[in-house]
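These are the residues of each chain, in order.
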Amino acid sequence: MTEKKSTVLEIKNLHATIGTTSILKGINLIVNSGEVHAIMGKNGSGKSTLAKVIAGHPSYTVTEGDILFENRSIALSPPEERARSGVFLGFQYPVEIPGVSNIDFLRLAYNSRQKARGLEELEPLEFFEFIHSKLSVVEMDGGFLSRNVNEGFSGGENKRNEILQMAVLDTKLSVLDETDSGLDIDALKIVANGVNSLKTESNAIILITHYQRLLDYITPDFVHIMQDGQIIMTGTKELALELEKKGYDWLKEENLS
């Protein structure tokens, strides 16, 4: 029996600025459980800003509209509260954290989320067993855990680490900002397989990307095209294929006709 879909994320007329610059200019979006949404657009269209605003990045200010996560407004919630609730942002350029090992970072993040859900936290040895069961999701070996977070990582290792975090935290909504950026074809397949293995009927995923190639490996239910801070077109995977053939200038012609 198929699990009934519920609304994970609802964005209503969202406007946001950074400083005095208006970037998001009326975003409306509904993401249900079990769905994958791809958001595409040229540089400067507002895609990454939307991802960061959903996650609560402090550099951005919501000036109008609302963000509902599981029917509760989070527009004014701090980022750590959103993260503990199950909102995950995979960064385009993950930050290095010198002196902090992957396993310590992941255990602290995991236990913080467990505590927020009223679930049991894990001691270091218990977590060691738990995390090793997750490494296969991104085809990493155990030595990866002792390395400092993202320090000296290749592009592929950075992105695989993001998906490992997603697996460990058992996220409800994952927003992956240009996860395909800087990946060769082998790393792209590993990351895509990891994302696909974590997709369930009770969570939701938003993929932000420039290119259709990621969607060869992760099939979206919906594709949204952003331009000048707005979603100007929505369709299925075929829309991404059409965009690949015709380019973004085609959208200008469509909007003028």
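Residues numbered from 1 in each chain as written. Predicted model: local features only at pLDDT ≥ 70, side-chain atom pairs only at ≥ 80, totals over all residues. Heavy atoms only, no water.

**Q** Let's hear about the pairing of strand 11 (residues 222-227): which residues, and what values?
**A** A regular strand places its side chains so that they alternate between the two faces of the sheet. The sheet contact formed by strand 3 (residues 36-40) and strand 11 spans four bridges and is parallel. Bridging from a neighbouring strand, Ala38 pairs with Val223 of strand 11. Pairing geometry for strand 11 and strand 12 (residues 230-235), over five bridges, is antiparallel. Bridging across to strand 12, His224 finds its partner in Thr234. Hairpin remark: strand 11 followed by strand 12, antiparallel, with two residues in the connecting loop; positive phi at Asp228, about 50°. (Pairing = 2+ DSSP bridges. Helix = DSSP H or I, 4+ residues; strand = E, 2+ residues; numbered from the N terminus.)

**Q** Which residues make up the pattern of salt bridges, and what values do they have?
**A** Scanning all chains against the criterion turns up seven salt bridges. A salt bridge links Asp228 to Lys25, with the shortest nitrogen-to-oxygen separation between them at 2.8 Å. Here Asp228 is found in the loop between strand 11 and strand 12, whereas its partner Lys25 is found in strand 2 (residues 21-32), with 203 residues between them in sequence. A relative accessible area of 28% means that Lys25 is categorised as partly exposed. Lys246 is paired through a salt bridge with Glu242; the nearest N and O atoms lie 2.9 Å apart. Remark: Glu242 and Lys246 occur in helix 7 (residues 237-246); sequence separation between them is four residues, near one turn of the helix. Residue classification places Lys246 among the partly exposed residues on the basis of a relative accessible area of 45%. (Salt bridge = Lys/Arg side-chain N within 4 Å of Asp/Glu carboxyl O. Buried < 20%, exposed > 50% of the residue type's maximum accessible area, 1.4 Å probe, protein only.)

**Q** For the sheet that holds strand 11, give the residues involved together with the corresponding values.
**A** Spatially, the six strands line up as an open sheet ordered 6-9-10-3-11-12, and their pairing is mixed. The open sheet has two free edges, formed respectively by strand 6 (87-90) and strand 12, since each of these has just one partner strand. On average, adjacent strands in this sheet sit at an angle of 20° to one another, irrespective of strand direction. Two elements, strand 9 (residues 173-177) and strand 10 (residues 204-209), share five bridges in a ladder whose sense is parallel. (Axes fitted to C-alpha atoms, helices over the stretch in contact; angles between N-to-C directions.)

**Q** An account of the confidence of the model for the protein is needed here, citing residue identities and associated values.
**A** Keep in mind that low pLDDT regions are not for reading the predicted coordinates in detail. Overall, the predicted model of the protein reaches an average pLDDT of 91, with 96% of residues at or above 70. Ranking the elements of the protein by mean pLDDT puts helix 8 (residues 249-256) last, at 64, and strand 1 (residues 7-18) first, at 98. (pLDDT = per-residue confidence, 0-100.)

**Q** Describe the packing of aromatic side chains, with residues and values.
**A** Applying the stated criterion to the full structure yields four aromatic pairs. A centroid spacing of 4.8 Å and a plane angle of 40° characterise the contact between Tyr110 and Phe130, whose relative ring orientation is tilted. Residue Tyr110 is located in helix 3 (residues 102-116), and its partner Phe130 is located in helix 4 (residues 124-132); the two are separated by 20 residues in the primary sequence. Looking at Tyr110, the relative accessible area reads 10%, which means it is buried. When the ring of Phe127 is compared with that of Phe130, the centres are 5.7 Å apart and the planes differ by 45°; the resulting orientation is tilted. Of this pair, Phe127 and Phe130 both sit in helix 4, three residues apart, which is roughly one turn of that helix. (Phe/Tyr/Trp six-rings, centres within 6.5 Å; stacked < 30°, edge-to-face > 60°.)

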